[in-house]
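Below are the chains, spelled out letter by letter.
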Amino acid sequence: LTSATSTPAGAYKFTNLLSGSYRLGFSLPASYAYTKSTVGGDAALDSNAATNNGLTAVFALASAQTNLTVDAGYVLTATVTGWIRLDINGNGLAEPADTTGIAGVVVRVYDSLNNLVASATSDAGGNYSVPNLFPGTYTVTQVLPAGYLATTPLSVTVTLTNGSTGTANYLVTQPGGIAGRVLVDADGDGVADAGDTNGIAGVTVILRGTNGVNLATNLTAANGAYTFTNLAPGGYMVVEVDPAGYL
């Protein structure tokens, strides 16, 4: 029927309307979202614009009536941005060498009630952005990509205010492994010679950190082989427990 533009104070008005049924539609300014509709129980203070399209419910206007309670509330939305990068040395610190971004990583944003509200996928540079978020506190969670280990926490708490930008960054690393065999040294010279092919099964092999703490234990296979996999970059010690009857 007609339109109006709000004043700098946000006011608008339609005059000379006939009695009848009406509904209003409020446009959405850039960088804003519609606030929650018809909450609080006070018609003079709530927002009547639907959050999905800005339309009000149909309302009746009587002859000579003035209705000053049809309003729209807006929220200046916020954004979460960040990156997922390869942690070269696996120390959990973003260092100058850690510039390789990981593409295709999913990042999910949960509200304070643990509801999933948005998600994004990192681009070729490992960067992502989640716009159009309401102010509040969120948990931003990285879905760890296959073939990587996390060196920083998978979830970060971010508090957003009107129009703010929060940051949640993540480091991941590619795991390695340690493998070997326990063999019979036929001539006892301490060198793995061509003839030293008899593996010893069931030997305990312990993986320790550089601080001496045991991290994992394996038993050798029938051919004397053992493997430790999915290891983060760093220093390790491998300790063999001599089996009975051997030196």
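Residues numbered from 1 in each chain as written. Predicted model: local features only at pLDDT ≥ 70, side-chain atom pairs only at ≥ 80, totals over all residues. Heavy atoms only, no water.

(A) Region of interest: the sheet that holds strand β9 (residues 136–142). The sheet built from four strands is open, its strands ordered β7-β6-β9-β11 with antiparallel pairing. Edge strands, defined here as strands with exactly one partner in the open sheet, are β7 (116–121) and β11 (155–160). Here the strands of the sheet are splayed against their neighbours by 25 degrees on average, with no regard to which way each runs. Alignment of strand β6 (residues 106–110) against β9, held across four bridges, turns out to be antiparallel. Opposite Tyr110, over in β9, you have Thr139 as the bridge partner. (Pairing = 2+ DSSP bridges. Helix = DSSP H or I, 4+ residues; strand = E, 2+ residues; numbered from the N terminus. Axes fitted to C-alpha atoms, helices over the stretch in contact; angles between N-to-C directions.)

(B) Here's a closer look at unusual backbone geometry. In this structure, Asn16 takes a positive phi of about 60 degrees despite not being glycine. Residue position: Asn16 is located in the segment before β1 (20–22). By relative accessible area, which is 79% here, Asn16 ends up exposed. The residue Asn132 is not glycine, and still its phi comes out positive at about 60 degrees. Relative to the assigned elements, Asn132 resides in strand β8 (residues 127–133). (Buried < 20%, exposed > 50% of the residue type's maximum accessible area, 1.4 Å probe, protein only.)

(C) Local environment of a nonpolar patch on the surface. On the surface, Leu28, Tyr32 and Tyr74 cluster together into a nonpolar patch covering about 260 Å² of accessible area. Within the secondary structure, Leu28 is located in the loop between β1 and β2 (32–34). (Patch = residues over 30% accessible without salt bridge, like charges linked within 9 Å, V, L, I, M, F, W, Y side chains within 5 Å. Areas by Shrake-Rupley, 256 points an atom, 1.4 Å probe, with all protein chains shown as cover. Salt bridge = Lys/Arg side-chain N within 4 Å of Asp/Glu carboxyl O.)

(D) Structural context of the packing of aromatic side chains. Counted by the stated rule, this structure contains five aromatic pairs. Where Tyr12 meets Phe14, the ring centres are 5.8 Å apart and the plane angle is 65 degrees; that geometry is what we call edge-to-face. Here Tyr12 falls in the partly exposed class, since its relative accessible area comes to 30%. What links up through ring pairs into an aromatic cluster is the set Tyr12, Phe14 and Phe26. In this structure, Arg85 packs its charged tip against the face of Trp83, placed 4.1 Å from the ring centre. (Phe/Tyr/Trp six-rings, centres within 6.5 Å; stacked < 30°, edge-to-face > 60°. Lys NZ or Arg CZ within 6 Å of the ring centre and 35° of its normal.)

(E) A look at the sheet that holds strand β18 (residues 236–240). A sheet is described by the order of its strands in space; here three strands give the open sequence β16-β15-β18, paired in antiparallel fashion. Each edge of the open sheet is held by one strand with a lone partner, namely β16 (214–219) and β18. Shown here is a sheet whose adjacent strand axes are inclined to one another by a mean of 20 degrees, direction ignored. Pairing analysis gives five bridges linking strand β15 (residues 204–209) to β18, with the strands arranged antiparallel.

(F) Up close: the side chain of Thr220. Locating Thr220 in the fold gives a position in the loop between β16 and β17 (225–231). Engagement of the side chain of Thr220 in a polar contact is seen with the backbone nitrogen of Gly202, the distance being 3.0 Å. In terms of polar contacts, Thr220 uses its side chain to reach the backbone amide nitrogen of Val203, at 2.8 Å. Not counting residues within four places of it along the chain, the set of residues in contact with Thr220 comprises Val182, Ile200, Ala201, Gly202, Val203, Val205, Ala225 and Tyr226. (Polar contact = N/O pair within 3.5 Å; in protein donor to acceptor, adjacent residues only side chain to side chain. Contact = heavy atoms within 4.5 Å.)

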